[in-house]
Each structure stands twice: as structure tokens, then as C-alpha cells.
Amino acid sequence: MSDHLLSIEDLNVTVKNNRQVTTLLDNVSLHVNRGEIVGLIGESGSGKSLTAKTIMNLLPSNMEVQQSKVMYNETNLLNLTTKDHRKLLGKEIGMIFQDYRGSFTPFIRIGKQMIETISTHYSIKNKEAKFIAMEVLEEMGLDSERAYRSYPFQLSGGQVQRCAIAMALALKPSLLICDEVTTALDVMSGEKVLDYIDLVRKETGCAVLMITHDLAQAYKRTDRMYVMHKGVVVEEGLPEQIRCHHKHPYTKKLCSCLLSLPNETELTGHERERVVTL
Ligand SMILES: Nc1ncnc2c1ncn2[C@@H]1O[C@H](COP(=O)(O)OP(=O)(O)OP(=O)(O)O)[C@@H](O)[C@H]1O
């Protein structure tokens, strides 16, 4: 069995607007191994979310995927019917969306939605599903009782985001796609959430595709990184390589723009630790 849990090969996505066809993703190839945290970084509009949406079969209807393979285990996700694809979502492939508010129906309490989601994927009693829901809400640093009985509009943006993360993690997916998961969170809550995702990864061996434009976060949290620019993967490598030995001019620009970091060799161990936690 291949180590690749997810393998995207030559992904091409185009959009048609007023008869004009524009290429949004151009021969994107990347893979995620079991148990690995892989970063997908790049500036706004570079194509990170579209890559995730392709995996989740959530591309808008005016977009077309051509001559590509998106292999999950031995299955090409692009060949699945919507019904078969849906069966994989949640329990096999989980996603925490950038637009976290869309994860919940506004007029149903968070707890009820969590129980329904957990029970849909695992045949367990409501009492057990509630236990799992409370546990993950607690791990997200929330007042679990309050979050459980709240409607989404009764919570802050960051609290709803953490509920959405809790719901995705409660299903213990084999592949977790995190799209800018910490943008709505303060630094401490963000770190706590990322620590917990890492803990879940260690406990369950799940793989994580971490989409972010936060370079410091990617350096600190990922095992490997891909850099995207204008719909193309321009570079890939270990965090150290991307930071200190990048080859592509865009990666160089990205690194120098977002972090004015000295070279790795110029840092002491203590400084290195501080830099990645900035
Ligand atoms: N529904 C759509 N119709 C037309 N173009 C779209 C649509 N959705 C996204 N795009 C375009 O596709 C490109 C990639 O968008 P994508 O959302 O993947 O960027 P991103 O790298 O995730 O950016 P961000 O970090 O801001 O979320 C952008 O140029 C965007 O304008």
C-alpha cells in the first residue's frame, strides 16, 4: 500500500464566464502521506481553497476539472458519483472551512447539530454522541455546556469557529483539511486549537492538509510544504528548505514579505524557537 493517502496529479481547473475560459489551477500536483501535516501556502487568490474544494467536490458549477486525478487511497475522487463521494466526507475526509459560519444551520442548537452529525457517521446512541461532542468542545477550550446548548448566533465568531473544528475532529477523519482555521481566533486560542489538531493526528494517525497564508504557522506546524502562486505549485520541500533554501523567486518574495527572518544558520536554538512562534 502506498504511503500517499491523498495524491493530486496534474489538477487543472478552469472557469467559464461570459464565454471566456480562465485557468484557475494549472497542473497542480501534491501528495499527503498518512500521519503527515502538509502545508499549502500562498497569497490570497493563489488557488489553495479551490484545491481543497476539488477534493471535497465543492467546486461551483461554472468550473471544470480536466485531465486530472485526485486519488484518495486507491479511489479517484473525480470519478465518484456525488452520492458515493458524500459517503467519504466527514468520517474519511473532514474539512474545517475558512467560512466557518457555514458549518452550522443558524436556527438549530450547536449540540443538536453535533449529535446529528456524529450519529450519521457512527451508529451510536445519542448519549454517547453527546459525550463525544462535549469532550471535543472542552478540548477546544470552550465552556462545553454553554456551547452545546447555544444557537450559532449566540456565540462569538471565534467560538463558532472552535465548535466547527470540534465537529470535524469528533468524527476522527483519516484526512483533515484545515482551511485557514485560526483566522478568527486570538493567538492563544489558535495555538490551543493547533495543538489539539496535532494531538489528534498523533493519536489517530490522521493526515492533515493545512492551508494557510501564515508562514510562521506553516514553519512551526507542518512536516512538508507546498507553495502556490497564481494556480501553480511553484515549490515544495521541508519547512527548513522553503525558508532557507528556496529556489523560486515567488517563494523568496513571500518569505521576505511576510517574515523578515535572518537565515536559519544565523539563529541560535533559542532564537529559532522564538521566530517560529511569532
Ligand atoms: N466562484 C468563482 N468564480 C470565479 N472565480 C473564482 C471563484 N472562486 C474562486 N475564484 C478565483 O479562483 C482563484 C483562486 O481562489 P481561491 O479561493 O482558491 O484562493 P485562495 O488561495 O484560497 O485565497 P484566500 O487565501 O484569499 O482564501 C482566485 O483568482 C479567485 O478569484
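Residues numbered from 1 in each chain as written. Predicted model: local features only at pLDDT ≥ 70, side-chain atom pairs only at ≥ 80, totals over all residues.

- The protein chain goes by ABC transporter ATP-binding protein in an unreviewed UniProt entry, where it is assigned to Metabacillus litoralis.
- Comment text from UniProt for the protein chain, heading Sequence similarities (unreviewed entry), reads "Belongs to the ABC transporter superfamily." (UniProt positions renumbered as here; feature names shortened; annotations may be inferred.)

### Some points on the overall build of the protein chain
Here comes step 1: Helices and strands together make up the secondary structure of the protein chain, namely 11 helices and 11 strands.
Here comes step 2: Over its C-alpha atoms the protein chain spans a radius of gyration of 19 Å, differing by no more than 12% from the 19 Å that the globule rule assigns to 278 residues.
Here comes step 3: Expressed as lengths along the three principal axes of its C-alpha atoms, the size of the protein chain is roughly 55 × 50 × 40 Å.
Here comes step 4: Among the 278 residues that make up the protein chain, the fraction classed as buried is 37%.
Here comes step 5: Sequence-distant contacts in the protein chain: of pairs separated by 6 or more residues, those separated by 24 or more amount to 65%. (Helix = DSSP H or I, 4+ residues; strand = E, 2+ residues; numbered from the N terminus. Rg over C-alpha atoms; globule rule 2.2 N^0.38 Å. Buried ≥ 20, exposed ≤ 12 C-beta atoms within 10 Å, placed from the backbone. Contact = placed C-beta atoms within 7 Å.)

### With respect to the sheet that holds strand β9 (residues 207-212)
Here comes step 1: Read across the sheet, six strands follow the order β7-β8-β9-β3-β10-β11 without closing on themselves; strand pairing throughout is mixed. Two strands in the sheet have a free side with no partner beyond their single neighbour: β7 (93-96) and β11 (232-237). Pairwise comparison of adjacent strand axes, ignoring direction, gives a mean angle of 20° for this sheet.
Here comes step 2: With five bridges connecting them, strand β3 (residues 37-41) and β9 associate as parallel partners. Residue pairing across strands places Ile41 opposite Thr212, the latter belonging to β9. (Pairing = 2+ DSSP bridges. Axes fitted to C-alpha atoms, helices over the stretch in contact; angles between N-to-C directions.)

### Digging into unusual backbone geometry
Here comes step 1: We note that Lys172 has phi near 45°; this positive angle belongs to a residue other than glycine.
Here comes step 2: As for its position among the elements, Lys172 is in the loop between α6 (157-170) and β8 (175-179).
Here comes step 3: For Lys172, a count of 17 C-beta atoms within 10 Å translates into the label partly exposed.
Here comes step 4: Positive phi values are uncommon outside glycine, yet Glu180 reaches one of about 50°.

### Topic: the UniProt feature "domain: ABC transporter" (unreviewed entry) in the protein chain
Here comes step 1: As annotated by UniProt and renumbered to match this structure, "domain: ABC transporter" (unreviewed entry) occupies residues 6-255.
Here comes step 2: Helix makes up 40% of residues 6-255 and strand 27%, whereas the separation of the span's terminal C-alpha atoms amounts to 27 Å.

### So, the site of the ligand
Here comes step 1: Close to the ligand lie 13 residues, the nearest being Ser44, Gly45, Lys48, Ser49 and Leu50.
Here comes step 2: Residues belonging to the shell around the ligand are distributed by class as follows: four nonpolar, eight polar and one charged. (Near = placed C-beta within 6 Å. Nonpolar A, V, L, I, M, F, W, Y, C, P; charged D, E, K, R; others polar.)

### Describing the packing of α6 against helix α7 (residues 187-204)
Here comes step 1: The contact between α6 and α7 brings their axes to 12 Å, and the two run at 0°. Taken as axis vectors, α6 and α7 run roughly parallel relative to one another. Contacts between α6 and α7 involve Gly158, Arg162, Ile165 and Leu169 from the first element and Ser189, Val193 and Val200 from the second.
Here comes step 2: Per-class residue counts for the contact of α6 with α7 are four nonpolar, two polar and one charged. (Parallel < 35°, antiparallel > 145°, perpendicular 65-115°, else oblique.)

### What to know about the pairing of strand β2 (residues 20-33)
Here comes step 1: In terms of strand pairing, strand β1 (residues 4-17) meets β2 through 10 bridges, oriented antiparallel. Within β2, the residue paired with Lys16 across the bridge is Val21.
Here comes step 2: Counting the residues in the hairpin turn of β1 and β2 gives two residues, including Asn18, whose phi is positive at 45°.

### Some remarks on helix α1 (residues 48-55)
Here comes step 1: When you tally the buried positions in α1, you get six out of eight residues, the bulk of the element.
Here comes step 2: Two residues or fewer after α1 comes Asn57, characterised by a positive phi angle close to 60°.

### A word on the confidence of the model for the protein chain
Here comes step 1: Across the protein chain, the average pLDDT comes to 88, with 91% of residues at 70 or higher.
Here comes step 2: Looking at the elements of the protein chain, mean pLDDT is at its lowest for helix α11 (residues 269-276), recorded as 47, and at its highest for helix α5 (residues 144-149), recorded as 97.
Here comes step 3: Counted against residues more than four places away or in other chains, residues 259-267, with its pLDDT under 50, gives 11 contacts.
Here comes step 4: Low confidence marks residues 274-278, where pLDDT is under 50. Its contacts with residues over four positions away, or in another chain, come to seven contacts.
Here comes step 5: With a pTM of 0.86, the predicted complex shows an ipTM of 0.96. (pLDDT = per-residue confidence, 0-100.)

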